[in-house]
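Now for the letters of each chain:
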Amino acid sequence: MAAFPMDCDSAMTAPTPQDDFVEVYPDALDPAWCQALVERFAASPDGRPGRVGSGVMPELKDSLDLTISGREDWREAEAALNQAVFRSLMHYLRRYPYALIAPLMLEVPGAQGGRHRLTAERVQAMDDKALGDVMQTVFRPGAINLQRYAGGRGGYPYWHCELYPRDPRADTLHRHLLWTVYLNDAFEDGGTEFLYQRRTIAPRTGSLLIAPAAFTHTHRGNRPCGGDKVIATSWVLFQRAEALFGG
């Protein structure tokens with residue numbers, strides 16, 4: 001069963017408060033590390049035309065993609081990205097605790113024995129270890145894609161969300177949150193634009209975006225100008241029912 005790497009050092013810059021469930025965590029990853037990943041991606045022969053749910057459709061999404069999950073040669077990069085997401089997700093869940101407890105009636109061991117149901121206040125008061133254990137129980141990481149959008153041409157202009165029925169195992173219906181790490185910013189425009197929130201996130205090297213995966217957060221990736229845009233992106237998924245409930 002896939003799991004987020006446990007790294008509970010959540011000391012980092014807190015997000016700017018918003019009421020739209022779109023959170024950006026600056027400096028989630030070191031810019032020098034991001035640059036090295038960009039260079040490694042550029043040197044890889046394994047990039048492929050980017051896909052949408054229905055296949056390769058460059059009029060909807062024009063990119064070069066590389067899925068690094070499940071590849072031994074990219075294992076350390078995958079772990080570093082998932083650790084950054086895990087740290088930021090702790091902040092996200094303390095700000096929006098119902099993202100964790102509304103879908104499931106969660107119970108945890110009580111300090112005096114027995115069990116108690118998690119409330120928003122209890123989630124916000126949990127230390128990193130306790131919250132991390134619950135997160136590992138409820139969530140799993142999705143496959144990570146590196147994506148390069150060519151300056152002046154590439155982009156993902158189609159308004160879309162991340163939650164849809166696709167595969168027989170329903171992984172695309174298990175997506176709860178989306179995330180994107182911006183690996184460079186040596187270009188203009190190219191922001192992630194959210195339709196209903198009327199908000200565009202400007203890429204900044206090393207920053208991490210987290211937002212809900214459903215239609216409420218329909219979004220698109222605008223075309224970069226004057227340089228290529230490179231990101232790492234994936235989802236936070238629910239564990240499968242058999243993992244959560246047995247059977």
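Figured I'd write up the structure that's included with this text. (Residues numbered from 1 in each chain as written. Predicted model: local features only at pLDDT ≥ 70, side-chain atom pairs only at ≥ 80, totals over all residues. Heavy atoms only, no water.)

1. What to know about the overall build of the protein chain
If you tally the helices and strands in the protein chain, you get six helices and 16 strands. Compactness check: the protein chain gives a C-alpha radius of gyration of 18 Å against a globular reference of 18 Å for 247 residues, within 12% of the reference. When the backbone C-alpha atoms are referred to their principal axes, the protein chain occupies close to 60 × 40 × 40 Å. Counting all 247 residues of the protein chain, 51% fall into the buried class. Here the protein chain has roughly 12,000 Å² of accessible surface; of this, 53% comes from carbon and sulfur atoms. Looking at the protein chain, you have 26 positive and 30 negative side-chain charges, and the mean spots of the two groups are 5 Å apart. (Helix = DSSP H or I, 4+ residues; strand = E, 2+ residues; numbered from the N terminus. Rg over C-alpha atoms; globule rule 2.2 N^0.38 Å. Buried < 20%, exposed > 50% of the residue type's maximum accessible area, 1.4 Å probe, protein only. Areas by Shrake-Rupley, 256 points an atom, 1.4 Å probe, with all protein chains shown as cover. Lys, Arg positive; Asp, Glu negative; His and termini not counted. Charge placed at Lys NZ, Arg CZ, Asp CG, Glu CD.)

2. A look at the environment of Ala77
By secondary structure assignment, the location of Ala77 is in helix H2 (residues 75-95). Taking C-alpha positions, Ala77 is 24 Å from Ile201, a pair spaced 124 residues apart along the chain. When sequence neighbours within four positions are dropped, the list of residues in contact with Ala77 reads Trp33, Leu37 and Ile68. (Contact = heavy atoms within 4.5 Å.)

3. So, the sheet that holds strand S12 (residues 199-201)
Spatially, the four strands line up as an open sheet ordered S8-S14-S11-S12, and their pairing is antiparallel. Edge strands, defined here as strands with exactly one partner in the open sheet, are strand S8 (156-160) and S12. Taking the axes of each pair of neighbouring strands and ignoring which way they run, one obtains an average angle of 15° across the sheet. Looking at chain direction, S8 and strand S14 (residues 219-221) are connected through two bridges and run antiparallel. Paired with Tyr156 across the two strands is Gly221, which belongs to S14. (Pairing = 2+ DSSP bridges. Axes fitted to C-alpha atoms, helices over the stretch in contact; angles between N-to-C directions.)

4. A word on H2
Across its 21 residues, H2 extends 30 Å between first and last C-alpha, which sits within 8% of the 30 Å expected from 1.5 Å per residue. With respect to burial, H2 is a largely interior element, 16 of its 21 residues being buried. (Expected span 1.5 Å × (residues − 1).)

5. A closer look at unusual backbone geometry
Backbone geometry places Asp27, a non-glycine residue, at a positive phi of 55°. Note on placement: Asp27 falls in the loop between strand S1 (23-25) and helix H1 (31-43).

6. Focus: the side chain of Asn184
Assignment of secondary structure puts Asn184 in the loop between strand S9 (175-182) and strand S10 (188-189). Side-chain polar atoms of Asn184 contact the backbone oxygen of Asp228, separated by 2.8 Å. At 2.9 Å, the side chain of Asn184 forms a polar contact with the backbone nitrogen of Val230. (Polar contact = N/O pair within 3.5 Å; in protein donor to acceptor, adjacent residues only side chain to side chain.)

7. Observations concerning the pattern of salt bridges
Summed over the entire model, instances satisfying the criterion amount to 17 salt bridges. Residue Glu107 is joined to Arg115 by a salt bridge in which the shortest nitrogen-to-oxygen separation is 3.9 Å. In this structure, the salt-bridge partner of Asp228 is Arg148, at a minimum N-O distance of 3.6 Å. Taken as a pair, Asp228 in the loop between strand S15 (224-225) and strand S16 (229-238) and Arg148 in strand S7 (residues 145-149) lie far apart in primary sequence, 80 residues in all. Looking at Asp228, the relative accessible area reads 30%, which means it is partly exposed. According to the relative accessible area criterion, Arg148 is buried, its value standing at 17%. (Salt bridge = Lys/Arg side-chain N within 4 Å of Asp/Glu carboxyl O.)

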